[in-house]
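Here's the letter readout for the chains.
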Amino acid sequence: MAFQKAVKGTILVGGGALATVLGLSQFAHYRRKQVNLAFVEAADCVSEPVNREPPSREAQILTLKNTSEFDVLVIGGGATGSGCALDAVTRGLKTALVERGDFSSGASSRSSKLIHGGVRYLQKAVMKLDIEQYRMVKEALHERANLLEIAPHLSAPLPIMLPVYKWWQLPYYWVGIKLYDLVAGSNCLKSSYVLSKSRALEHFPMLQKDKLVGAIVYYDGQHNDARMNLAIALTAARYGAATANYMEVVSLLKKTDPQTGKECVSGARCKDVLTGEEFDVRAKCVINATGPFTDTVRKMDDKDAAAICQPSAGVHIVMPGYYSPESMGLLDPATSDGRVIFFLPWQKMTIAGTTDTPTDVTHHPIPSEEDINFILNEVRNYLSCDVEVRRGDVLAAWSGIRPLVTDPKAADTQSISRNHVVDISESGLITIAGGKWTTYRSMAEDTINAAVKTHNLKAGPSRTVGLFLQGGKDWSPTLYIRLVQDYGLESEVAQHLAATYGDKAFEVAKMASVTGKRWPIVGVRLVSEFPYIEAEEELETAKKFLYYEMGYKSRSEQLTDHSEISLLPSDIDRYKKRFHKFDADQKGFITIVDVQRVLESISVQMDENTLHEILNEVDLNKNGQVELHEFLQLMSAVQKGRVSGSRLAILMKTAEENLDRRVPIPVDRSCGGL
């Protein structure tokens, strides 16, 4: 299904994936190519994803501007909003999604990283005979299984230990956890089991030993919440949704229904936060999925609308990895004030949280010292006295604002159900509020069902159960081995890329820079302690900024095809000899193949893309090769000080020195083989 109609004009469209395509601040990777395009119309019914990466942010914005009317406009790019966009577009609805900040920049990236049914909700359901809580747990357990299936690279089962310090609690908790398994049914990840005191301490040696009776271990899911949110948004874009971040809704558009005479919401006035440009996006249905900002959008529709959300702050802290085992979490089911605390391994660190306190809505929530100390005190209660829990061990902390559905009868937010509510205003604005991360998909399904019914949209049933998210379809647990073998990445880096990007990890590996070491061959780490590499930077945006605003443009203009050659005869002879070490065939020019041949002879490897960039800097007439006179122009500019740090000049000088020294080339290679 064509995503675009092409006529005169030019814009940039994405040639890569993962982030640049949507302007995601964390990951802008790929080169963009020019396509003749001036008018873009959103896709109609899309039954399969487009066989390319999503369009660039520029193309997406053009689609938002030029589509006469969408079926659905979703406001909010968190998990629920992105899920709504994916559900709508895969039903064949013409869909748009706008987000004021970056995708997953709010509460969706500040969770406990758990995909869970909610053990404590099941306890409430049983103790209070609350059928709503029971249904919520059962639904969440179904969604947990689905999420683990559709994004296996971003999620996995995690064993969680519940330590028991009183004998009577052992059968009590065991029955509760077994009931949790029973409610999950065929979606049970692994069966729970009981551990003796000694076995519990083997698994979790940091535990408080005194009075420990034993422990119960059950399974829930763990996921990379920020990347999961991005994967949902990217998948929606691949199916044809017009998706743009840093796009703020400043007001809602309305029109009068000719049949009823009532005013109906018909779209939104949007502002590009990066440029300040404003334009209208029209839609038959507008969905408010803005989390804690739900009531802000509802008041755009009706200034007298009553608040339906009560925001609650959930604080988490990050501590060193030695505070917990590498592959097992811990649950404190009854803290000093009745809350639940999780203690979870996460990327070689330990996450502890969460709190649950009423808060004001803000774009930049800050964890309070009170909440941090509360978590630390609860951690101290469960860890051995041999482990000194220090405030200085808090490496990081964050606060996420949960959009809880208000229950006017509740005395505090801890008693509020995390179940979701779909609200339809008099003017047709559909609001999805409440719920939790795990149930984002079913929340989206309910929301789009309401949209279809309320606005008489032509759409089939939801198709998102079992629908693989970006990077998940061709992922396997051994994919990282191919990255090591094919690209020469460190094993830890390869595992990180596979777990972050799934089957798209190869695209990132292709962009990894040569390390200059025997091993690893590629993949320069940003920080030595972590497996993040330079290929994950926002490279293209950074280059543009440096080029236009930090003097790189004027620097590049110091070498042009009109630059004069002002060298002594002896210098010209010396540089010609250097040039001919690469131009062995005396062609009068050198290509990437010539440079690769010389580098291989001195046991240096460099990826083709990097070599292309290096030669392109000196290829002044842009014919794909560097002629002798261009090389002499370069060396003259270097001598005169007009050009410094030329990669080709440094590369050729270094190669010449190595060739002259004739250093013996080692035949052994890392990871075995010749």
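Residues numbered from 1 in each chain as written. Predicted model: local features only at pLDDT ≥ 70, side-chain atom pairs only at ≥ 80, totals over all residues. Heavy atoms only, no water.

Here's the deal with the overall build of the protein
Let me state the cut-off plainly: In this text, helices come from DSSP runs of H or I with a minimum length of four residues, and strands from runs of E with a minimum of two, each type numbered from the N-terminal end. Buried, partly exposed and exposed residues are distinguished by accessible area as a fraction of the type maximum, computed with a 1.4 Å probe on protein chains only: under 20%, between the cut-offs, and over 50%, respectively. Contact definition: two residues touch when any of their heavy atoms are within 4.5 Å.
In terms of helices and strands, the protein carries 20 helices and 22 strands. Counting only residues that meet the buried cut, the protein has 53% of its 674 residues in that class. Across the protein, the fraction of contacts at a sequence separation of at least 24, relative to all contacts at a separation of at least 6, is 71%.

So, the packing of aromatic side chains
Condition: Pairing of aromatic rings covers Phe, Tyr and Trp, the last counted by its six-membered ring, and requires centre-to-centre distances within 6.5 Å; plane angles under 30 degrees mean stacked, over 60 mean edge-to-face, and any other angle means tilted.
Within the structure shown, the criterion is met by eleven aromatic pairs. Both rings, one in Tyr-180 and one in Tyr-218, keep their centres 5.8 Å apart while their planes meet at 90°; by these two values the pair is edge-to-face. Separated by 38 residues along the polypeptide, Tyr-180 in helix H5 (residues 169–184) and Tyr-218 in strand E8 (residues 214–223) bring together distant segments of the chain. Within the aromatic cluster, the residues linked to one another by ring pairs are Trp-168, Tyr-172 and Tyr-173.

A short note on empty space enclosed by the protein
Condition: Put simply, the grid is 1 Å and covers the protein atoms alone, a cavity is a trapped set of points that fit a 1.4 Å probe, a pocket is an open set with protein on both sides within 12 Å along at least five of seven lines, and lining residues have an atom within 4 Å of a point. Grid points are joined across faces, edges and corners, and a volume is the space filled by probe spheres set on the points. The nonpolar class holds Ala, Val, Leu, Ile, Met, Phe, Trp, Tyr, Cys and Pro. Asp, Glu, Lys and Arg form the charged class, and all remaining residues, Gly among them, are polar.
Under the definition given, this model contains two cavities of 30 Å³ or more. Considered as a void within the structure, the largest cavity measures approximately 70 Å³ in volume. The wall of the largest cavity is formed by Leu-330, Asp-332, Ile-341, Phe-343, Glu-378, Val-379, Tyr-382 and Leu-383. Listed by contribution, the elements that provide at least two residues to the lining of the largest cavity are strand E14 (329–332), strand E15 (341–346) and helix H9 (369–382). Ranked by residues supplied to the lining of the largest cavity, first place goes to H9 with three residues. By residue class, the composition of the lining of the largest cavity is six nonpolar, no polar and two charged.

Here we look at the pattern of salt bridges
For the record, the criterion: One speaks of a salt bridge when a side-chain nitrogen belonging to Lys or Arg is within 4 Å of a carboxyl oxygen belonging to Asp or Glu.
This structure, assessed with the given rule, holds 30 salt bridges. With its nearest N and O atoms 2.6 Å apart, the salt bridge here joins Arg-91 to Asp-87. Residue Asp-87 is classed as buried on the basis of its relative accessible area of 0%. Residues Arg-525 and Glu-492 are paired through a salt bridge, measuring 2.8 Å at the closest nitrogen-oxygen approach. Of this pair, Arg-525 sits in the loop between helix H13 (505–510) and helix H14 (539–549) while Glu-492 sits in helix H12 (residues 491–501), and the two are 33 residues apart along the sequence. On the accessibility criterion, Glu-492 (24% relative accessible area) is partly exposed. Beyond isolated ion pairs, a larger network of salt bridges with shared partners links Arg-269, Glu-278, Asp-280 and Arg-282.

Some points on unusual backbone geometry
The bulk of non-glycine residues show a negative phi, and the bulk of peptide bonds are trans. That bond from Gly-353 to Thr-354 is cis: its omega, 20°, falls within 30 degrees of zero. Following the sequence through the fold, Thr-354 ends up in the loop between strand E16 (349–353) and strand E17 (357–358). That bond from Trp-519 to Pro-520 is cis: its omega, -5°, falls within 30 degrees of zero. Tracing the chain through its elements places Pro-520 in the loop between H13 and H14. At Gln-347, a position not held by glycine, the phi torsion is positive, near 50°. Assignment of secondary structure puts Gln-347 in the loop between E15 and E16.

Regarding a nonpolar patch on the surface
This is how the line gets drawn: What makes a patch is a set of residues exposed beyond 30% relative accessible area and free of salt bridges, joined within 9 Å when like-charged and within 5 Å when nonpolar (Val, Leu, Ile, Met, Phe, Trp, Tyr). Using a 1.4 Å probe, the Shrake-Rupley method yields the accessible areas, and only the shown protein chains count as cover for residues.
A surface patch of nonpolar side chains, about 450 Å² in accessible area, is lined by Val-126, Met-127, Trp-168 and Tyr-172. Note on placement: Val-126 falls in helix H3 (residues 119–127). Residue classification places Val-126 among the partly exposed residues on the basis of a relative accessible area of 44%.

With respect to the packing of helix H4 (residues 131–150) against helix H10 (residues 440–455)
For the record, the criterion: Interaxial angle, 0 to 180 degrees, is taken between N-to-C directions of lines fitted to C-alpha atoms, where a helix line uses only the stretch in contact. Angles are sorted into four bins: roughly parallel if under 35 degrees, roughly antiparallel if over 145, roughly perpendicular if 65 to 115, and oblique for all others.
Orientation of H4 relative to H10, taken along the N-to-C sense of each, is 105°, at an axis distance of 8 Å. It follows that H4 is roughly perpendicular to H10 by the angle criterion. Along the contact surface, H4 presents Glu-139, Glu-143, Asn-146, Leu-147 and Ile-150, while H10 presents Tyr-440, Arg-441 and Ser-442. Looking at side-chain class alone, the contact of H4 with H10 contains three nonpolar, two polar and three charged residues.

Quick word on H12
Along H12, the positions that sit buried rather than exposed are Val-493, Ala-494, His-496, Leu-497, Ala-498, Thr-500 and Tyr-501. Summarising the contacts, the buried residues of H12 are in contact with helix H7 (225–238), helix H11 (479–487) and H13. Residue Gly-502 follows H12 closely and has a positive phi angle near 60°.

Focus: the UniProt feature "domain: EF-hand" (unreviewed entry) in the protein
Basically, it comes down to this: UniProt positions are given in the numbering used here, feature names are shortened, and annotations may be inferred rather than shown by experiment.
UniProt feature "domain: EF-hand" (unreviewed entry): in the numbering of this structure it lies at residues 570–605 and 606–641. Secondary structure over residues 570–605 splits into 64% helix and 6% strand, and the C-alpha atoms at its two ends are 32 Å apart.

Regarding the side chain of His-116
The following threshold applies: Under the rule applied, a polar contact is a pair of N or O atoms within 3.5 Å (in protein, one hydrogen donor and one hydrogen acceptor; residues adjacent in sequence only if both atoms are side-chain atoms).
Inspection of the secondary structure puts His-116 in the loop between strand E5 (114–115) and H3. Polar side-chain contacts of His-116 include one of 3.4 Å to the backbone nitrogen of Gly-118. With near-sequence residues (within four places) excluded, His-116 lies in contact with Ala-140, Arg-144, Tyr-180, Asp-220, Lys-436 and Thr-438.

Some thoughts on the environment of Tyr-165
Secondary-structure assignment places Tyr-165 in the loop between strand E6 (155–164) and H5. With 50 residues separating them in the primary sequence, Tyr-165 and Ala-215 have C-alpha atoms 8.5 Å apart. Excluding residues that lie within four positions of it along the chain, Tyr-165 makes contacts with Leu-207, Gln-208, Asp-210, Lys-211, Leu-212, Val-213 and Tyr-382. There is a polar contact of 2.9 Å between the side chain of Tyr-165 and the backbone oxygen of Gln-208.

Overview of the environment of Leu-395
By the element assignment, Leu-395 lies in the loop between H9 and strand E18 (396–405). Exposure remark for Leu-395: the relative accessible area of 49% places this residue in the partly exposed category. Contact partners of Leu-395, with chain neighbours within four places excluded, come to Val-318, Met-319, Pro-320 and Met-349.

Digging into the packing of helix H17 (residues 592–601) against helix H20 (residues 647–661)
For the record, the criterion: Note on convention: the crossing is left-handed when the near helix lies turned anticlockwise from the far helix by less than a right angle, right-handed when the turn is clockwise.
Contact pair H17 / H20: the axes reach a minimum separation of 10 Å and the direction vectors enclose 40°. Classed by the angle they form, the pair H17 and H20 counts as oblique. Crossing of H17 over H20 shows left-handed handedness. Within the contact between the two elements, H17 uses Val-595, Val-598, Leu-599 and Ser-601 and H20 uses Leu-651, Ala-655 and Leu-659. Taken together, the residues of the contact of H17 with H20 break down into six nonpolar, one polar and no charged.

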